[in-house]
Amino acid sequence: MNNFTVEETNLICIFDTSSRAKLISEMKSVPLADLDDEMQQLLFRVVHKLEKMNDEEFSRCDFAPAEFMDERSE
(Lines give C-alpha, C1' and ligand atoms only; values in the text may rest on other atoms or scores of the structure.)
Protein backbone atom coordinates (compact mmCIF):
# COMPACT_ATOMS: atom_id res chain seq x y z
CA MET A 1 0.00 0.00 0.00
CA ASN A 2 1.70 3.14 -1.17
CA ASN A 3 -0.89 5.79 -1.77
CA PHE A 4 1.60 8.65 -1.79
CA THR A 5 2.00 10.92 -4.78
CA VAL A 6 5.40 11.61 -6.33
CA GLU A 7 5.49 15.00 -4.60
CA GLU A 8 4.59 13.45 -1.25
CA THR A 9 7.21 10.73 -1.66
CA ASN A 10 9.89 13.25 -2.55
CA LEU A 11 9.02 15.27 0.56
CA ILE A 12 9.12 12.15 2.75
CA CYS A 13 12.60 11.32 1.42
CA ILE A 14 14.18 14.38 3.03
CA PHE A 15 13.28 13.03 6.48
CA ASP A 16 14.31 9.97 8.50
CA THR A 17 12.11 7.12 7.31
CA SER A 18 13.46 4.52 9.73
CA SER A 19 10.10 4.48 11.52
CA ARG A 20 6.66 5.94 11.00
CA ALA A 21 6.70 7.60 14.44
CA LYS A 22 10.09 9.24 13.79
CA LEU A 23 8.95 10.47 10.38
CA ILE A 24 5.74 11.96 11.76
CA SER A 25 7.62 13.60 14.62
CA GLU A 26 10.20 15.17 12.31
CA MET A 27 7.54 16.40 9.90
CA LYS A 28 5.51 17.95 12.72
CA SER A 29 8.60 19.79 13.97
CA VAL A 30 9.09 21.72 10.71
CA PRO A 31 8.51 25.45 11.35
CA LEU A 32 5.44 26.27 9.24
CA ALA A 33 6.52 29.90 8.92
CA ASP A 34 9.41 28.67 6.76
CA LEU A 35 7.03 27.09 4.21
CA ASP A 36 4.75 28.59 1.62
CA ASP A 37 1.05 27.64 1.61
CA GLU A 38 1.49 24.87 -0.97
CA MET A 39 4.29 23.20 0.99
CA GLN A 40 2.29 23.50 4.23
CA GLN A 41 -0.66 21.74 2.61
CA LEU A 42 1.64 19.02 1.24
CA LEU A 43 3.17 18.50 4.67
CA PHE A 44 -0.27 18.34 6.36
CA ARG A 45 -1.51 15.85 3.75
CA VAL A 46 1.48 13.55 4.22
CA VAL A 47 1.28 13.64 8.02
CA HIS A 48 -2.43 12.84 7.83
CA LYS A 49 -1.78 9.82 5.57
CA LEU A 50 1.01 8.60 7.84
CA GLU A 51 -1.17 8.89 10.92
CA LYS A 52 -3.94 6.86 9.25
CA MET A 53 -1.65 3.93 8.40
CA ASN A 54 -0.19 1.44 10.83
CA ASP A 55 3.45 0.45 11.24
CA GLU A 56 3.06 -2.71 9.17
CA GLU A 57 1.64 -0.75 6.22
CA PHE A 58 4.44 1.78 6.61
CA SER A 59 7.08 -0.95 6.51
CA ARG A 60 5.77 -2.06 3.11
CA CYS A 61 6.21 1.41 1.59
CA ASP A 62 9.21 2.08 -0.59
CA PHE A 63 10.27 5.67 -0.14
CA ALA A 64 12.71 6.57 -2.89
CA PRO A 65 12.88 9.88 -4.73
CA ALA A 66 11.18 9.84 -8.13
CA GLU A 67 14.49 10.03 -9.99
CA PHE A 68 15.55 6.72 -8.43
CA MET A 69 12.23 5.06 -9.16
CA ASP A 70 12.82 5.62 -12.88
CA GLU A 71 16.20 3.88 -12.61
CA ARG A 72 14.69 0.90 -10.76
CA SER A 73 12.23 0.22 -13.56
CA GLU A 74 14.92 0.00 -16.25
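Residues numbered from 1 in each chain as written. Predicted model: local features only at pLDDT ≥ 70, side-chain atom pairs only at ≥ 80, totals over all residues. Heavy atoms only, no water.

### A short note on the pattern of salt bridges
Put simply, the rule reads: Within this document, salt bridges are pairs made up of a side-chain nitrogen of Lys or Arg and a carboxyl oxygen of Asp or Glu, the two lying within 4 Å of each other. Helix and strand assignments come from DSSP, with helices taken as H or I runs of at least 4 residues and strands as E runs of at least 2, each series counted from the N terminus. For every residue, the accessible area obtained with a 1.4 Å probe (protein chains only) is divided by the maximum for its type, and the residue is called buried under 20%, exposed over 50%, and partly exposed between those limits.
For the structure shown, the criterion picks out five salt bridges. Between glutamate 8 and lysine 49 there is a salt bridge whose closest N-O contact spans 2.8 Å. Of this pair, glutamate 8 sits in helix 1 (residues 6–12) while lysine 49 sits in helix 3 (residues 37–52), and the two are 41 residues apart along the sequence. Lysine 49 shares its class with glutamate 8; the two are buried. The closest approach of N and O atoms between glutamate 56 and arginine 60, which form a salt bridge, is 3.0 Å. Residue glutamate 56 is classed as exposed on the basis of its relative accessible area, which comes to 53%. Exposure remark for arginine 60: the relative accessible area of 47% places this residue in the partly exposed category. Taken together, the shared-partner salt bridges connect Glu8, Arg45 and Lys49 into one network.

### Comments concerning a negative patch on the surface
Note the cut-off: The patches described consist of residues with a relative accessible area above 30% and no salt bridge, like charges being joined within 9 Å and nonpolar side chains (Val, Leu, Ile, Met, Phe, Trp, Tyr) within 5 Å. Computed by Shrake-Rupley with a 1.4 Å probe, the accessible areas treat only the displayed protein chains as cover when residues are assessed. Charged-residue counts in this description rest on Lys and Arg as positive and Asp and Glu as negative, His and the chain ends being excluded. Taken as the charge location is NZ of Lys, CZ of Arg, CG of Asp or CD of Glu.
On the surface, Glu7, Asp36, Asp37 and Glu38 cluster together into a patch of negative charge. Judged by its relative accessible area of 46%, aspartate 36 falls in the partly exposed class.

### Thoughts on the side chain of lysine 49
Rules: We call two N or O atoms a polar contact when they sit within 3.5 Å, provided that within protein one can donate a hydrogen and the other can accept it, with sequence-adjacent residues counted only if both atoms are side-chain atoms. Two residues form a contact once any of their heavy atoms are found within 4.5 Å.
A distance of 2.8 Å separates polar atoms of two side chains, one belonging to lysine 49 and the other to glutamate 8. Once you skip the residues sitting within four places of it in the chain, lysine 49 turns out to touch Asn3, Phe4 and Glu8.

### Concerning the environment of leucine 43
Within the element layout of this structure, leucine 43 appears in helix 3. Sequence-wise, leucine 43 and lysine 28 are 15 residues apart; in three dimensions their C-alpha atoms are separated by 8.4 Å. Discounting chain neighbours no more than four positions away, the residues touching leucine 43 are Leu11, Met27, Val30, Leu32 and Leu35.

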